[in-house]
Amino acid sequence: MTKEMAIFQAQGSLNASNAHEFHSSLMQKIQSDRADGLFVDMSQVESLDSAGLISLVSALKHARQLQKRLCLCSVPPAIRIVFELTQLDRAFEMVDELPVAA
């Protein structure tokens, strides 16, 4: 049986002004989707602050509680450095690009 992954498109700035809305959308996608996990496409993200990071960490924790996979993909270099500086690159699974459906 193949594992199905849903895709969630993150975009713009993930910061204190929209972190709550971003978090709610992400949590809803994790809970409602029948997929085994979620790819968060970060290719359109321009900036990320601590509130955005907290939203992603919380979503990762929630996905793990549901035994689902949460994977960040297409993370721009400027955003990836935030994960590296906070050592969250060790917690998150990151892939360079979205897998192409076979």
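Here the structure is shown first, and the text comes after it.
This structure is a prediction, so every number in the text was calculated from the model and none was measured.

What counts, and at which threshold
Residues numbered from 1 in each chain as written. Predicted model: local features only at pLDDT ≥ 70, side-chain atom pairs only at ≥ 80, totals over all residues. Heavy atoms only, no water. Phe/Tyr/Trp six-rings, centres within 6.5 Å; stacked < 30°, edge-to-face > 60°. Helix = DSSP H or I, 4+ residues; strand = E, 2+ residues; numbered from the N terminus. Buried < 20%, exposed > 50% of the residue type's maximum accessible area, 1.4 Å probe, protein only. Pairing = 2+ DSSP bridges. Right-handed = clockwise from strand over helix to strand, strands pointing away. Disulfide = S-S within 2.5 Å. Expected span 1.5 Å × (residues − 1). Contact = heavy atoms within 4.5 Å.

## Some points on the packing of aromatic side chains
Thinking step 1. Taken as a whole, this structure holds two aromatic pairs when the rule is applied.
Thinking step 2. Between Phe8 and Phe22, the aromatic rings sit 5.8 Å apart at their centres with planes inclined by 65°, giving edge-to-face as the arrangement. Taken together, the positions of Phe8 in strand β1 (residues 5–14) and Phe22 in helix α1 (residues 19–32) put the pair 14 residues apart, joining distant regions of the chain.
Thinking step 3. Exposure remark for Phe8: the relative accessible area of 12% places this residue in the buried category.
Thinking step 4. Residue class for Phe22 comes out buried when judged on its relative accessible area of 8%.
Thinking step 5. Their ring planes at 80° and their centres at 5.5 Å tell us that Phe83 and Phe92 sit as a pair that is edge-to-face.

## Quick look at the pairing of β1
Thinking step 1. Note: β1 against strand β2 (residues 37–48), nine bridges, orientation parallel. Residue pairing in the sheet places Phe8 in a bridge with Val40 of β2.
Thinking step 2. Handedness of the crossover is the feature at issue here: the chain leaves β1, passes through α1, returns alongside β2, and the resulting connection is right-handed.

## As for unusual backbone geometry
As a rule of thumb, non-glycine residues mostly have phi less than zero, and peptide bonds are mostly trans rather than cis.
Thinking step 1. Of note, Ser74 is a non-glycine position whose phi angle comes to about 55°, a positive value.
Thinking step 2. Tracing the sequence through the fold places Ser74 in the loop between β3 (69–73) and α3 (77–85).
Thinking step 3. Despite not being glycine, Gln87 shows a phi value in the positive range, around 60°.
Thinking step 4. Along the chain, the position of Gln87 falls in the loop between α3 and β4 (93–95).
Thinking step 5. According to the relative accessible area criterion, Gln87 is partly exposed, its value standing at 47%.

## What to know about the state of the cysteines
Thinking step 1. By the definition in use, this model includes zero disulfides.
Thinking step 2. Free of any disulfide, Cys71 has its nearest cysteine sulfur in Cys73, 5.9 Å distant.
Thinking step 3. The exposure class of Cys71 is buried, given its relative accessible area of 0%.
Thinking step 4. For Cys73, a relative accessible area of 0% translates into the label buried.

## A look at α1
Residues spaced three or four apart along an α-helix point in a common direction, a consequence of the helix completing one turn every 3.6 residues.
Thinking step 1. Relative to the 20 Å expected for 14 residues at 1.5 Å per residue, α1 spans 20 Å between its end C-alpha atoms, a close match to the ideal helical length.
Thinking step 2. Taken together, the buried residues of α1 touch β1, β2, α2 (50–65) and β3.

## Brief notes about the environment of Ser24
Thinking step 1. Summarising the element assignment, Ser24 is placed in helix α1.
Thinking step 2. Judged by its relative accessible area of 34%, Ser24 is partly exposed.
Thinking step 3. In the structure, Ser24 is positioned 37 residues away from Lys61 in sequence and 14 Å away in space, judged by C-alpha atoms.

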